[in-house]
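# Descriptive analysis of the structure
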Amino acid sequence: MNARITEPHSKVFSTPRNSPEREQAYSELSESDRTAVFNLEKDYMLGRITRQDIVEMKQEGNETMTYEQFVKKSESDEKGVMRELSQFSMKCPETYREYRERWQAERGEQQRLYAIRTKLRRIGF
């Protein structure tokens, strides 16, 4: 799927269903873009892709960092990575916040599971 189509898809499907705003966003698209936008939404509705896949396509099209890249950089000890993450946070504050919250939640869950495993080992399980 073309990353270019994620922007109009977002514009159309971020508006309320059957609203004048959605009709306007839809009418501004060319026929080929309409088809691509609705094919993307159809793929989502059929479970072929997730909303996260659409977000990542959009980011790849905008040349922004993917979640996997964010995690790798956040866990890295390499020099200059913090500056890169800082620049990303300024360039894409919403995406950065979402990534950070998701990463922290995943790390918290991993730490919780590790603590449970450690306690079970101590008592002999």
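This section reports on the structure supplied with the text. (Residues numbered from 1 in each chain as written. Predicted model: local features only at pLDDT ≥ 70, side-chain atom pairs only at ≥ 80, totals over all residues. Heavy atoms only, no water.)

This next bit is on the overall build of the protein. A count of helices and strands for the protein gives seven helices and zero strands. Listing the helices and strands of the protein from first to last along the sequence gives α-α-α-α-α-α-α. For a compact globule of 125 residues, the expected C-alpha radius of gyration is about 14 Å, and the protein comes in at 20 Å, more than 25% above that figure. For the protein, the C-alpha atoms occupy an extent of roughly 65 × 40 × 25 Å along the three principal directions. Taking all 125 residues of the protein together, 30% fall into the buried category. When contacts within the protein are restricted to residue pairs at least 6 apart in sequence, long-range pairs at least 24 apart make up 51% of them. Entry remark: accessible area of the protein is about 9,200 Å², with carbon and sulfur atoms responsible for 50%. Averaging the coordinates of the 23 positive side-chain charges in the protein and doing the same for the 22 negative ones gives two points 7 Å apart. (Helix = DSSP H or I, 4+ residues; strand = E, 2+ residues; numbered from the N terminus. Rg over C-alpha atoms; globule rule 2.2 N^0.38 Å. Buried < 20%, exposed > 50% of the residue type's maximum accessible area, 1.4 Å probe, protein only. Contact = heavy atoms within 4.5 Å. Areas by Shrake-Rupley, 256 points an atom, 1.4 Å probe, with all protein chains shown as cover. Lys, Arg positive; Asp, Glu negative; His and termini not counted. Charge placed at Lys NZ, Arg CZ, Asp CG, Glu CD.)

To continue, consider the packing of helix 1 (residues 6–13) against helix 3 (residues 31–45). Two numbers describe how helix 1 lies on helix 3: the axes approach to 9 Å, and their chain directions differ by 75°. As far as their axial angle goes, helix 3 and helix 1 are roughly perpendicular. Facing helix 1, whose interface residues are T6, P8, H9, V12 and F13, helix 3 presents V37, F38, L40 and E41. Looking at the contact of helix 1 with helix 3 residue by residue, the class counts come to six nonpolar, two polar and one charged. (Axes fitted to C-alpha atoms, helices over the stretch in contact; angles between N-to-C directions. Parallel < 35°, antiparallel > 145°, perpendicular 65-115°, else oblique. Nonpolar A, V, L, I, M, F, W, Y, C, P; charged D, E, K, R; others polar.)

Let us now look at a nonpolar patch on the surface. A cluster of nonpolar side chains, namely L113, I116, L120, I123 and F125, defines an oily patch on the protein surface of about 510 Å² accessible area. Residue placement: L120 occurs in helix 7 (residues 93–122). What makes L120 partly exposed here is its relative accessible area of 37%. (Patch = residues over 30% accessible without salt bridge, like charges linked within 9 Å, V, L, I, M, F, W, Y side chains within 5 Å. Salt bridge = Lys/Arg side-chain N within 4 Å of Asp/Glu carboxyl O.)

Moving on: the side chain of T6. Note on placement: T6 falls in helix 1. Leaving out residues up to four positions away in the same chain, T6 has contacts with L40, I54, M57 and K58.

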